[in-house]
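A closer look at the structure
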Amino acid sequence: MQRNSRGMPMNPRGETVAAGVPEALAADMTMAEQHDWIRSFLKRNPVSRRRFLVGSAATAAAAAVGNAAWSGRAYAQDAPLAVGGRHTSFGVDSATQLRFSAQLSRNPGVTGVFLDHGPTPALGATTAAEVRNLVSQVPQTDGGILGAEQFYVHVPVDGLACKTPHFYRWRTNDGYVSDVQTVWTALPPGRSAPFRFTMMGDQGVDETPSRPPGLKAGDYDDLYYKADNEPSVRHAANIVGQIATRRPDFHVLAGDIAYADPSGAGLPAQFAPSGVTQPKGFDKYNPFVWDGYFAAIERSAASTPWFFATGNHDMEALYGANGYGGHAARLDQPENGPAGCPSVYSFVYGNVAVLSLDANDVSYEIKANTGYSGGRQNTWVERSLARFRADPNIDFVVCFFHHCAYSTTEAHASDGGVRDAWTKLFDRYEVDVVLQGHNHVFERTDPIRAGHPTRTAADHAVVYPKSDGTVYYTVGGGGRPRYTFQPSEQETYRGNELPNNAVPNSYVWTPDGEKATEAVGWSRVRFRNYSFVSVDVAPGIPGITPSEMKISAIDEYGREFDRVTYRRDVPMSGVFGSS
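Just so you know, these numbers come straight off a predicted model, no measurement behind them.

A separate point is the overall build of the protein. Tallying secondary structure elements over the protein gives 10 helices and 27 strands in all. Here the protein, with 579 residues, has 63% of them falling under the buried criterion. Residue pairs at least 24 apart in sequence account for 73% of intrachain contacts in the protein once pairs closer than 6 positions are excluded. Summed over all atoms, the accessible surface of the protein reaches about 20,200 Å², with 52% contributed by carbon and sulfur.

Per the counting criterion, the structure on display carries one cavity of 30 Å³ or more. The calculated volume of the largest cavity comes to roughly 30 Å³. Taken together, His87, Thr88, Ser89, Ser101, Trp306, Phe308, Leu331, Asp332 and Gln333 make up the lining of the largest cavity. Elements with a contribution of two residues or more to the lining of the largest cavity: strand E1 (83–90) and strand E11 (306–308). Top element by residues in the lining of the largest cavity is E1. It accounts for three residues. Classifying every residue of the lining of the largest cavity gives three nonpolar, five polar and one charged.

The next point concerns the environment of Glu518. Looking at the secondary structure, you find Glu518 in strand E23 (residues 515–520). Glu518 sits 15 residues away from Val503 along the chain, and the two C-alpha atoms are 8.5 Å apart. What Glu518 contacts, discounting residues up to four positions off in sequence, is Ser414, Arg419, Val503, Pro504, Asn505, Ser506, Tyr507 and Val508. A polar side-chain atom of Glu518 sits 2.8 Å from a polar atom in the side chain of Arg419.

Tracing the sequence through the fold places Ser506 in strand E22 (residues 503–509). On the basis of relative accessibility, which here comes to 1%, the residue Ser506 falls in the buried class. Linking Ser506 and His412, residues 94 residues apart in sequence, is a C-alpha distance of 9.8 Å. Sequence-distant contacts of Ser506, defined by excluding residues within four places in its chain, comprise Ser407, Thr408, Ala413, Gln486, Ala516, Thr517 and Glu518.

Let us now look at the nonpolar core. By size, the foremost hydrophobic cluster in this structure holds 94 residues, and its most contacted members are Trp170, Phe250, Tyr293, Tyr473 and Tyr566. Take this core: its biggest share by element is seven residues, from strand E6 (residues 145–157). The next biggest cluster of nonpolar side chains, apart from the first, holds 36 residues, and it includes Ala353, Ile394, Tyr406 and Ile448.

E1 sits mainly inside the fold: eight of its eight residues count as buried. Of the pairings in the sheet, the one linking E1 to strand E2 (residues 98–104) comprises six bridges and is antiparallel in character. Within E2, the position partnered with Ser89 by the bridge is Arg99.

What follows covers the pattern of salt bridges. Per the stated rule, a full pass over the model turns up 29 salt bridges. The salt bridge partner of Arg428 is Glu382, with a shortest N-O separation of 2.6 Å. Taken together, the residues Arg428 in helix H9 (residues 416–428) and Glu382 in helix H8 (residues 376–390) connect sequence positions 46 residues apart. With relative accessibility at 30%, the residue Glu382 sits in the partly exposed group. Between Glu560 and Arg563 there is a salt bridge, with the nearest N and O atoms lying 3.2 Å from each other. Its relative accessible area of 29% is what places Arg563 among the partly exposed residues.

Here four strands make up an open sheet; going across it, the order is E1-E2-E6-E5 and the pairing antiparallel. If you trace the sheet from one side to the other, it starts and ends with E1 and strand E5 (130–139), each paired once. Adjacent strand axes in the sheet meet at a mean angle of 25°, parallel and antiparallel pairs treated alike. In the sheet, E5 pairs with E6 via 10 bridges, with the strands oriented antiparallel. Counted as the bridge partner of Ser136 is Ala148 from E6. Sheet strands touched by helix H6 (residues 289–301): E1, E2 and E6. Its angle to E1, the strand with the most contacts, is close to 60°.

An ideal rise of 1.5 Å per residue puts 16 Å on 12 residues; helix H5 (residues 235–246) measures up with 17 Å between its terminal C-alpha atoms. All of the buried residues along H5 are His235, Ala236, Ile239, Val240, Gly241, Gln242, Ile243 and Ala244. Residues of H5 that are buried sit in contact with strand E9 (195–200), strand E10 (250–253), H6, E11, strand E25 (531–538) and strand E26 (547–555).

In this section: the pairing of E9. In terms of burial, E9 is a largely internal element, five of the six residues being buried. Two strands pair when backbone bridges link them, and E9 and E25 are joined in this way by five bridges, in the antiparallel orientation. Paired with Arg196 across the two strands is Asp536, which belongs to E25. Across four bridges, E9 lies against E10 in parallel orientation. Its bridge partner being in E10, Phe197 is matched across the sheet by Phe250.

Inspection of the secondary structure assignment puts Asn501 in the loop between strand E21 (471–475) and E22. Assessed through its relative accessible area of 5%, Asn501 is described here as buried. From its side chain, Asn501 meets the backbone oxygen of Ser523 in a polar contact 3.4 Å long. Leaving out residues up to four positions away in the same chain, Asn501 has contacts with Thr492, Ser523, Arg524, Val525 and Arg526.

A few words now on the sheet that holds strand E27 (residues 560–568). Taken in spatial order, the seven strands of this open sheet run E11-E10-E9-E25-E26-E27-E20, and their pairing is mixed. Strands with a single pairing partner mark the edges of an open sheet, and in this sheet they are E11 and strand E20 (462–463). Alignment of E26 against E27, held across eight bridges, turns out to be antiparallel. Residue Ala553 lies in a different strand from E27, and its bridge partner there is Asp562. Set on the sheet, H5 makes contact with E9, E10, E11, E25 and E26; between it and E25 the angle comes to about 15°.

Conventions adopted
Residues numbered from 1 in each chain as written. Predicted model: local features only at pLDDT ≥ 70, side-chain atom pairs only at ≥ 80, totals over all residues. Heavy atoms only, no water. Helix = DSSP H or I, 4+ residues; strand = E, 2+ residues; numbered from the N terminus. Buried < 20%, exposed > 50% of the residue type's maximum accessible area, 1.4 Å probe, protein only. Contact = heavy atoms within 4.5 Å. Areas by Shrake-Rupley, 256 points an atom, 1.4 Å probe, with all protein chains shown as cover. 1 Å grid on protein atoms, 1.4 Å probe; cavity = no way out; pocket = protein on both sides within 12 Å on 5 of 7 lines; lining within 4 Å. Points joined across faces, edges and corners; volume = space filled by probe spheres on them. Nonpolar A, V, L, I, M, F, W, Y, C, P; charged D, E, K, R; others polar. Polar contact = N/O pair within 3.5 Å; in protein donor to acceptor, adjacent residues only side chain to side chain. Core = buried A, V, L, I, M, F, W, Y, C linked by side-chain atoms within 4.5 Å. Pairing = 2+ DSSP bridges. Salt bridge = Lys/Arg side-chain N within 4 Å of Asp/Glu carboxyl O. Axes fitted to C-alpha atoms, helices over the stretch in contact; angles between N-to-C directions. Expected span 1.5 Å × (residues − 1).

Okay, structure coming up:
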């Protein structure tokens, strides 16, 4: 167990998943230590199968929250088996591999689950699904156990043609058949065609889970908005709707995905009715939240590949593997990162390389997982950046992760651990753009190199990353209640620009978990409401036109409030088309 030089806890209250460990203990535990504590507790307090089923009989069918197709189905084990919460992704080779995932309404038993799929709506091929069973036994403060048993299905499909549609439906052998959806493989590496992707972070759900009974709005969902924040509006649903409308070729989410732990929202720790005072530190984790989450993103994720980084709210000690065991059951992401780092990976789409990094491994602010990779991630990051920057097919390199290297919000500001681990690498290998979450606002920096802004990049600016440096975006307005900036720090965005953007009173987290005050001049755009970014990439022609990447910041109602164009010249030796 660790504390900083002033005796402060490793994990600030409300910033790590409280999965049943008493708060006083969890404050100084790593994820691995919390997982060991839970296993020991469960050995001392065994749960019978009958008692477990009382808590888990309605698990995955609770994905009916917000999904009319499921909401009419009974939760009982003898109800017809259904498939929902569909989500897709690429494999390691994004141009030829697709990954299909979904959630079952109950234990399938001996019932077969299949993916019918093919290059036309006639389908033609059938693949049996892999079923992954995720059992959750969450300690309660009364000595009992909250049980959940969720079932996820996964099918990999390889050997496809690049940039082609693939049609699919889920089917069971007892009569369930889903509608047919379409998802596309990626462009091959190179400069063959324009494309679009979107990004945001810190999403959560804005439907109150139906399990366990007695929950109210604001307990395990986003619905604790303040009066000045349109509390009746479903902000997360608005953002997903905007993303779906723009029909991106893929979407990335920079951590804090479902918020199965609301952490600090006043949630009753015992799953008792709202408002009941409970001892601190127990059962703030509700696995049923994930059911509603997959239902909420299905309108986009069923036909657009979604990719996830992990944030501090995604470290779920209940499942082990540094808190990431649950995600291994729910998600299929590319598996080409360092060993033991499931949310660290990369893929290529056309002339853009995308890297998902795990900032939990390097954070100075929240240390439950700091250093868990033993340096493997940092080594992988450097090797990957060097490889992509040397690749003549790649123009732009984009990294996304959770904790912010550069941000000025009051709640978290900047994490010195991220800066120390990666920003020199970003400079050395000319990373064009970094996409971050964690702070529930939008903020964009001017281009930065060696920790300092190199030039002003106002709205509609054109940035040349090779000479100007890296621009850092904080896009944490995916749906969770918004944060504020530093005291007296004002918003500044299109139509509301400040004459002086300097922030004299921000801070950065230090190795001992303290806040060091810093005055910054790199904060160019600040916007508090819900938003995402849409990235439009237009490949250049070697020796004739540069490649461009336009990043638009868009609010939940579809209004653009910032845009920057990134350009890279393509030398005559550059590859035109695909390799």
